[in-house]
Amino acid sequence: MATLVAPRIVTARTGYDDSYTLARFLATGGYEGLRKALTMFPEDVALEVDEASLLGRGGAGFPAGRKWSMLRKSPVSYLVVNGDESEPATFKDHLLLERDPNGIVEGIIISAYALQVNQVFFFVRGEFALGLERVQHAVNDAYEHGALGSKIFGSDFSLDIVVHPGAGAYICGDETALLEALEGKRGFPRIKPPFFPAVSGLYGEPTVVNNVETMANIPWIVLNGGEAFAALGAGRSKGTRLFALAGRVKNPGVYEVEMVKNTFRDLIYDPALGGGLLDGHTIKAFIPGGVSAPWFGPDLLDTPLGQDEVGEKGSMLGSGSVVVFDDTTCVVRAAWRITKFFARESCGQCTPCREGSGWIERVLYRMEHGGGRVEDLALMLDLCDNIAPGGGWPPQQTTICPLGPSIPSSVTGAISMFRSEFIRHVEGGGCPFD
Amino acid sequence: MTEVKSLVTITVNGRSLEAATGELVIEAAERAGHYVPRFCYHPRMEPVGMCRMCLVEVDGPRGATLQPACYIKVHDGMTVVTDSEKVKKAQDGVLEFLLANHPLDCPVCDKGGECPLQDQTLAHGSGETRFVEEKRHFVKPIEIGELVLLDRERCIQCARCTRFSAEVSGDTEIAFSGRGDQMEVAPSPTEPFDSTFSGNTVQICPVGALTAKPYRFTARPWDLEQVESTCTTCAVGCRVAVQSSGNRLTRVLGVDSEPVNHGWLCDKGRFTLDSIDGNEESLDPLRASTRLREPLVRLNGVLVPTTWGEALARAATMLQDAASTPNGVGAIGGAALTNEGAFAWERFVRGVLASDHLDAQYGDGLDGALLQSLPKATIDEAANARVVVTLTGDLREELPVLFLRLRENFIKRGNALVEFTFASSGLHPLATVSLPVRPGEAHLVAEALTRSEGHLLKGSNVTEAELHETRQLLGESGEGVVFIVGRPNFAEDAGVIEGALRVLAERFTSATFLPALRRSNVMGALDMGLSPKLRPGRAYVDDEGRSTLQQLDALRTGEQKAVLLLGCLLGNVLDVEGASAALRDAVVVVVSGHGGKTLEYADVVLPAAVQHERHGTVTNIEGRVTAVTAKIVAPGSAWSDVAIASELAEECGQSLGLSSEVQCAKIIEESVGYPALSVMNDVSDEGAVVGRTRDRVERRPLDPMAFPGIRSTNTAGLAEFSGAVAEESVTVSPSPASATLSALAVGRGVEVPAFDAYSLVLNISRRLYDHGVAVQGSPALANLIATSTANLNHFDLDRLGLSTGDVVEVSSPTATLNLAVALSDQTPRGTINVAFASLDESGDDVASRTLVDPKSAITQVRLETT
């Protein structure tokens, strides 16, 4: 049974029908964290976040406090908030943007105060029409309410937020591609070094890039203290985290659960959460952290929902998306669909990603539609090896950004776990699930 | 550039070597003999790390990982492996990926035989393809500009072309669009790719995706022969590889010359080949595109072909007859000659005809003695100068590769540009300060800059704030400042700019100057004494020689009887009517490679070899002497100028003692110390700058990946001919010294008539594609010729109630013509700009010039709506 004693930190008010309005926000403790933060020294706010050991919720899981402290030596020019959530089956930020935009804005203002930044760019996925509307509304309300603009709540701190809609490229979720797009350029990830936008970010200035969910955690941490946050979870993974559960389960949706204290089995099967698989079906495999992550078999269901705990088993919590496959799922089609996504979204810069994704996608499509050859399996594995040499985890990469090494995750996973199903596609001249 | 760089020690494939801090791994490894394969990397552009072909193993905190050698910089103790199994697999993998969607249509591809992708595949590829899927398809070549075609199926997305455009030339007409393996180089939906520099993208394309219309399907690379030479289409002096198939010129490629062009060329220099050997059907001597193949003499009023003997005899008699009257003969032109050709003609005119009336410029340049008296800057110095001040026409149009070199200075190094803005210019957007100077005002603005404050003539557009900022940049003595000086306006007396030049040189004594005279070897011609005030070796003589404009006056009055034209006259002068009148009753001997309207007045025409048909040396704007090499044989019985001058002298009963170009260069060097022979003989391709210690620049080894198509740059110039030097002695009188600024009278005052703030003053400036010989003779460039428009600032347009496209009647004291109006906000208020030798609706290139009042220092015009 799941351990569901932890407070709801980022979804505290999402249950109200009017959760996105300023009125509901203020009625549920809105801007209290900000008011408290403004009474503290900025360094002390940053220290609370550092003590909370909050890992960034964007996918890479870099400690937010450390990201901030890397910048203390020199002044930060910009805070950029990444709301470009675009991966298939990943929809946790989507919920926050639509249901609690004010909470995100409050987190942003506090973070900007801690970093002493006066300009924030909030990059929101362009397809999130409703989310964009509500975020912009929340920002406008904040200005009217005195929480944004000059001299916030009478303090000496001033801040502006510009909401910038993305133009429909998944790659702009990569922070350096996002910065290029913000600068008005084509969304190409930047070459490294410099490794961090903290060194040279937007317009060449020191920049912090944080995820939406990371921001949403900040008000609670300031109000309740970093220690209280760090008391939740275990190991390196503290606090709660949003999981977007999708696939063949009874109750797909977004769930906030305490980290490490719960396992994938809890998330998928607890009646208060996923509620188990659809009646009459059994689990075949699941993706633990978005379509970039290597697949897990049912034998790993008891892995705790923790960053290192999943990492040790050879995958990642990534974007917080969990996709469940059952006995009706064709793994060739699943791998093809995921690869097709990467082939479509590869920015086109690096040859292995650009050409490799399209090539593998075409092989999988052929196989799914009856043209498969046994040698295609070795071919695909070798092509994957040429994109991410060695096949280890975390992957080695031949490309500028991690999109390239994301391609092999599903392909090599599917082939190694379900080789016989591939062979059945070849021998049967098509998909046995059709 | 004496940048002191500290050294670090790195290990490449087990051997340690020293590298400069900040050096790229790919460069350091290559120096140590470990060539790393690459496609997107280009030594003249910022690395992008896109193709991933250059992956090598680099030791780091996570152990040895694959890193792209093209953008990883060396650090002390770095360990690099370029030849491990892991590296090889990664590189082979990348190559296989690149070939996956490549059409492999090598047999019908122009790049086949010199293709980096083909070469790498041959060296590293597997020979078998594992790709059995349908390849990506695009519509086969699409025309993206006047000169360039794009085959997107062949493209390997290396971003060389898009990077060149964005980074080097600053053009935005091509960019990537689409994603994944559908990503394509896409032309702008609205603007054609008609960049002045579009040919460079074709040259650096590592596959056959970009092809140039003039070269497309004309040859196979292995059939081409090559010489290295210098482009003389303008005076920048870009080093080029000239290639021909048999005796037909096929292609010119930019050579990576460190001090000059960095491998780049402009499209005019690259694509003007047809004007040399592409008009074989054209026989009309009055057409500029016609190559003259045999000597012509006028018989019964008609030019008829004749023998060299007959033509030389006629010319000798006529010129000598005229020379028997004092001041009866002179010579005009010669800026398109080699130094040797210019020297030979100088010897002929001064020595045989005993005349001091000779001038290589057409009244459209600057005083040669004044230029030679100034402290000089090199192109490289200008491209690194703290402050560059331009008093020229639009460099992008006049000296395009100088524009590229300067652009880099402002974009990459962030140095300052002060622009005397006379009309629109490519550098204008990069100017730190733009001084909007009206015609007839430059010397006054210059003078204002020499004072600590104030002093501008009333009604000027230049503000006190702009003057102040410029003074700050120039500093006390002009230390670190390079002035680039040319002729921004042919409708303005040269005295205006010469006056400005004098004022600035006297005040900013630490500053240096780079002349921006445009016409091919004009600097060499002046150095060889084709100037009324200069003798060979830049020696100043204060005698009574006539300039071109003075000779034309003397011809009109009958004081001068005959003129020797070294090149056609009428296409180059402003006052075409006045020049025609001067030639009408005179004896006219023309030595030219091309025909032209001038020949209507010729009595004898002697056909000469032109660029790519002759050996010798030329001198560029910075005074750099480099070798030019013949690639093809001149048509018909055309001779080199050295031969023509020598034979004509013999016919006059005297000997110039110049039996060959090499002999001529030898005499130039021995008599006046000018580095002609040493440049011809030496394999050092960058030549020598006159008056400076020869700085031998070691050329980086030719990388066929960076410069595909160029075979080898290690040609020895004319070394193979030097053994044949005849030991003849010729006495040349010892040269006087070159002039000092204070000794010269030039630039000491020009009378500019007063104009009020509301009048319009004429500016005639050059465009790259004017109706000159190089463009007229090259069908590929014909559609790019500028059309005549009246270009005005929007303030003036508003004031006059005009908008773009309106046709107005433009009246000057000399002419009235109808022109369409165009908006040009860089043109200062009160100035009206018209392009020189642009074409009006009837295809006439002269009409716009008739507006210029030759009797006044500036020309004021009136506009009336029609």
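Shown above is the structure to which this text applies.
No experiment lies behind these values; they were computed from the predicted model shown.

Caption draft 1: Examining the interface of chain B and chain A more closely. Residue-level contacts link 26 residues of chain B with 27 residues of chain A. Counting only elements with at least two residues in the side of chain B that touches chain A, the list comes to β4 (63-68) and α2 (85-100) of chain B. Looking at the side of chain B that touches chain A element by element, the count peaks at seven residues for α2(B). Here the side of chain B that touches chain A is built from residues that sort into 14 nonpolar, six polar and six charged.

Caption draft 2: Region of interest: helix α5 (residues 92-99) of chain A. Burial runs high along α5(A): eight of the eight residues are buried. Inspection of α5(A) places K92(A), D93(A), H94(A), L95(A), L96(A), L97(A), E98(A) and R99(A) among the buried residues, and these make up the whole buried set.

Caption draft 3: Representation of the packing of helix α18 (residues 548-557) of chain B against helix α19 (residues 576-584) of chain B. All names here are of chain B. As a packed pair, α18 and α19 sit with axes 7 Å apart at the nearest point and diverge in direction by 50 degrees. In terms of axis orientation, α18 runs oblique to α19. Our pair here, α18 against α19, has a crossing hand that is left-handed. On the side of α18, the interface is formed by L552, L555 and R556, while α19 contributes G578, A579, A581, A582 and L583. When grouped by side-chain class, the residues that make up the contact of α18 with α19 number six nonpolar, one polar and one charged.

Caption draft 4: Structural view of the sheet that holds strand β16 (residues 329-333) of chain B. All names here are of chain B. As summarised here, the arrangement of the seven strands in space is β15-β14-β27-β26-β25-β16-β17, forming an open sheet in which the pairing is mixed. Here the strands that pair on one side only, and so sit at the sheet edges, are β15 (302-305) and β17 (358-359). Alignment of strand β14 (residues 296-299) against strand β27 (residues 604-607), held across two bridges, turns out to be antiparallel. From the neighbouring strand, L296 faces β27, where its bridge partner is V605. Contacts between helix α8 (residues 308-323) and the sheet are confined to β14, β16, β25 (562-566), β26 (587-592) and β27, with β27 contributing the most and set at about 125 degrees to the helix.

Caption draft 5: Examining the nonpolar core more closely. Ranked by size, the top nonpolar core spans 413 residues in total, and within it V80(A), I109(A) and L565(B) carry the most contacts. Apart from residues lying up to four places away in sequence, L565(B) is in contact with I332(B), G333(B), V588(B), V589(B), V590(B), V591(B) and T598(B).

Caption draft 6: Representation of the sheet that holds strand β12 (residues 239-245) of chain B in the model. Residue and element names in this part refer to chain B. Here we have three strands laid out as an open sheet, ordered β11-β12-β13, and antiparallel in their pairing. Edge positions in the sheet fall to β11 (225-230) and β13 (248-254), since each has one partner strand and no second. Strand-to-strand twist of the sheet, defined as the mean angle between neighbouring strand axes without regard to direction, takes the value 30 degrees. In the sheet, β12 pairs with β13 via six bridges, with the strands oriented antiparallel. Residue Q243 lies in a different strand from β13, and its bridge partner there is R251.

Definitions and cut-offs
- Residues numbered from 1 in each chain as written.
- Chains lettered and ligands numbered in written order.
- Predicted model: local features only at pLDDT ≥ 70, side-chain atom pairs only at ≥ 80, totals over all residues.
- Contact = placed C-beta atoms within 7 Å.
- Helix = DSSP H or I, 4+ residues; strand = E, 2+ residues; numbered from the N terminus.
- Nonpolar A, V, L, I, M, F, W, Y, C, P; charged D, E, K, R; others polar.
- Buried ≥ 20, exposed ≤ 12 C-beta atoms within 10 Å, placed from the backbone.
- Axes fitted to C-alpha atoms, helices over the stretch in contact; angles between N-to-C directions.
- Parallel < 35°, antiparallel > 145°, perpendicular 65-115°, else oblique.
- Left-handed = near helix turned anticlockwise from the far one by under 90°.
- Pairing = 2+ DSSP bridges.
- Core = buried A, V, L, I, M, F, W, Y, C linked by C-beta atoms within 7 Å.

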